[in-house]
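Fold and geometry: a report
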Amino acid sequence: VFVYEGEYNDPMICGGDDGGRLERHLNEVASLGAVLQRSVELGGGYVVKEIPQTDGDFNQIDGKAIYSPLSARTLRKVGQRGLLEGDVIVSVNGESVTSVPDIHMLLRGMAGRSVRLDVLRVNSRSSFSTNTNTKDKSNRNNNNNNDNSNNRRKSTDDTDNNSKQIIRPEPIVVVPITQTAAANLRYTAWEWKTRQSAKRLAKDAGFGVGYMHLRSMSGLQDEDAFVRGLYPDYDKEGLIIDVRHNLGGNIDSWLLTSLQRRAWMYFQGRATNVTNGGLGWGDQFAFRGHIVVLVDEKTSSDGEAFSRGLSELGLGLIVGTRTWGGGIWLSSDNYLVDGGIATAPEIGTYNANFGWGLGIEQMGVEPDIIVDNNPRESFDGRDRQLERAIEVLEDLLVSDPILLPENPGPHRDMSLNDNIEGCAV
């Protein structure tokens, strides 16, 4: 049973035009939208280890583009240069990061507010760096009285080797984001990186693939993700639909309907077809290739229903681990007198093959091919489930290649001629 809204609202949310949401963030620790690591070698400063990168064309969260506050995409809008991995943060609003156990203690309540950072631009070319000789200045002064001929014998290269670049702290002004926005930023960066990995792995294997990740099964964001993932790559040999971590919803029927469309006729211009920029086939944008769905233990509710439906309809294979296990639906219309909602499982599901619960309720969807990601490898950036999905598609394309039907040849001659009885030309 889920109970939410009404008297169960977040106690930090009060009134006001914004619903009190600003008060929620008064004491919340803000984020710089980057992976930071304290470096003893650099005097306790925080090294920027990673700045999440996302698809610049599709990076909307609640209608607003979210980038890392440290990225060039954010800072160049206000005439500043973004940081790069390897740069070092040494102070926040004039207070050294070594004065606190963690840099985020200096960012409490600063979400959406301007913050001054003093940074060492190790990799992003500091504007305040200078070259200085490593020898002690007093030694250089004493050497002024030495024989000038000895000084002339020193090569320019030797002088350069005795000098190094000193990088001075440079101030920048950034606007930290909330922890929720930072989590969305990391999630979006993971989606983009995984899509790029899928494309690269498929290219190395010699075929084309489409990839989409669906966070849930409800709302415009997930509908947009499906459209963006399917239609630009409708003519690829393979398609990976990633519903790992899917939170559920109610659009499984629409997705399955779209994937069941079939090509039954093909277009051929005088000089073009789908291979060189011409029209493809009808149904227009029907996907003709092989499909693999990725699932894990956090795939829930309608994400499970979609996976089961794709398998039952023979549309593709499932790779990953057994899913969450919730196959009874609810309506979320049980409103209480205080405006809240108390929901409970209401609507059962069944079919002839699995009976009640579709083999999902309290059991979860068992994938066709079981692959579990090793946590350490996942932390290091490896995705075994994605790699296995590419291998499955490669094997399917060997046994069942996706080819265009052969051109039927020259058109039949239907012109009138003298051999037709009673016809005068």
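One can find the structure itself at the top, above this paragraph.
Residues numbered from 1 in each chain as written. Predicted model: local features only at pLDDT ≥ 70, side-chain atom pairs only at ≥ 80, totals over all residues. Heavy atoms only, no water.

Things to note about empty space enclosed by the protein
A complete count under the given rule lists 2 cavities of 30 Å³ or more for this structure. Size it by volume and the largest cavity reaches roughly 50 Å³. Residue lining of the largest cavity: P52, Q53, T54, I66, Y67, S68, S71, R73 and L185, and that is the complete set. When grouped by side-chain class, the residues that make up the lining of the largest cavity number 4 nonpolar, 4 polar and 1 charged. In this structure, the second largest cavity is lined by S301, E304, A305, G326, G327, W329, T349, G357, L358 and I360. (1 Å grid on protein atoms, 1.4 Å probe; cavity = no way out; pocket = protein on both sides within 12 Å on 5 of 7 lines; lining within 4 Å. Points joined across faces, edges and corners; volume = space filled by probe spheres on them. Nonpolar A, V, L, I, M, F, W, Y, C, P; charged D, E, K, R; others polar.)

Points about the packing of helix 8 (residues 252-259) against helix 9 (residues 302-312)
Two elements in contact, helix 8 and helix 9, have axes whose closest approach is 9 Å; the angle formed by their N-to-C orientations is 30°. Judged on the interaxial angle alone, helix 9 and helix 8 are roughly parallel. At the point where helix 8 passes helix 9, the crossing takes the right-handed sense. Taken together, the residues of helix 9 that come into contact with helix 8 (itself represented by D252, L255, L256 and L259) are D302, F306, G309 and L310. In the contact of helix 8 with helix 9, the residues fall into 5 nonpolar, 1 polar and 2 charged. (Axes fitted to C-alpha atoms, helices over the stretch in contact; angles between N-to-C directions. Helix = DSSP H or I, 4+ residues; strand = E, 2+ residues; numbered from the N terminus. Parallel < 35°, antiparallel > 145°, perpendicular 65-115°, else oblique. Left-handed = near helix turned anticlockwise from the far one by under 90°. Contact = heavy atoms within 4.5 Å.)

Details of the packing of aromatic side chains
A full pass over the atoms with the stated rule returns 7 aromatic pairs. Within the aromatic cluster, the residues linked to one another by ring pairs are Y231, Y234, Y266, W281 and F285. Of note, R288 hangs over the ring of W281, and the distance from its end group to the ring centre comes to 4.9 Å. In this structure, R308 packs its charged tip against the face of F354, placed 4.0 Å from the ring centre. (Phe/Tyr/Trp six-rings, centres within 6.5 Å; stacked < 30°, edge-to-face > 60°. Lys NZ or Arg CZ within 6 Å of the ring centre and 35° of its normal.)

Section: the pairing of strand 12 (residues 209-213)
Extensive coverage of strand 12 is indicated by the burial of 5 of its 5 residues. Across the two faces of strand 12 the burial is the same, with V209, Y211 and H213 and G210 and M212 all buried. Bridge count for strand 12 against strand 13 (residues 238-242) is 5 bridges, and the pairing is parallel. What sits directly across from G210, in strand 13, is L239. With helix 7 (residues 220-230) bridging strand 12 and the parallel strand 13, this β-α-β connection has right-handed handedness. (Buried < 20%, exposed > 50% of the residue type's maximum accessible area, 1.4 Å probe, protein only. Pairing = 2+ DSSP bridges. Right-handed = clockwise from strand over helix to strand, strands pointing away.)

With respect to the nonpolar core
Nonpolar side chains tend toward joint burial in soluble globular proteins. L214, I241, L259 and F306 are the most contacted members of the largest nonpolar core, which totals 24 residues. Residue assignment for this core shows that the elements contributing at least two residues are helix 7, strand 13, helix 8, strand 16 (290-295) and helix 9. With residues up to four places along the chain from it excluded, the contact list for L259 reads F226, L230, L239, I241, I291, F306, L310 and L315. Counting residues in hydrophobic clusters, the runner-up holds 22 residues, among them L70, V100, L107 and V174. (Core = buried A, V, L, I, M, F, W, Y, C linked by side-chain atoms within 4.5 Å.)

Some details on unusual backbone geometry
In this chain, G282 is followed by D283 through a cis amide linkage whose omega measures 0°. Its place among the elements puts D283 in the loop between strand 15 (281-282) and strand 16. Positive phi, normally seen in glycine, also occurs at H245, with a value near 70°. Its location among the elements puts H245 in the loop between strand 13 and helix 8. Of the residues examined, H245 reaches a relative accessible area of 30% and is grouped as partly exposed. The phi torsion at F285 lies on the positive side, around 65°, for a residue other than glycine. Relative to the elements of secondary structure, F285 occurs in the loop between strand 15 and strand 16. Looking at F285, the relative accessible area reads 42%, which means it is partly exposed.

Quick word on the pattern of salt bridges
For the structure on display, the rule yields 16 salt bridges. One salt bridge connects R195 with D233, and the closest N-O pair in it is separated by 3.7 Å. Linking R195 in helix 6 (residues 179-205) with D233 in the loop between helix 7 and strand 13, this pair joins segments that are 38 residues apart in sequence. We note a salt bridge from K236 to D235, for which the minimum N-O separation is 3.8 Å. For D235, a relative accessible area of 36% puts it in the partly exposed group. Three or more residues are tied together by salt bridges with common partners; here these are R195, K199, D233, D235 and K236. (Salt bridge = Lys/Arg side-chain N within 4 Å of Asp/Glu carboxyl O.)

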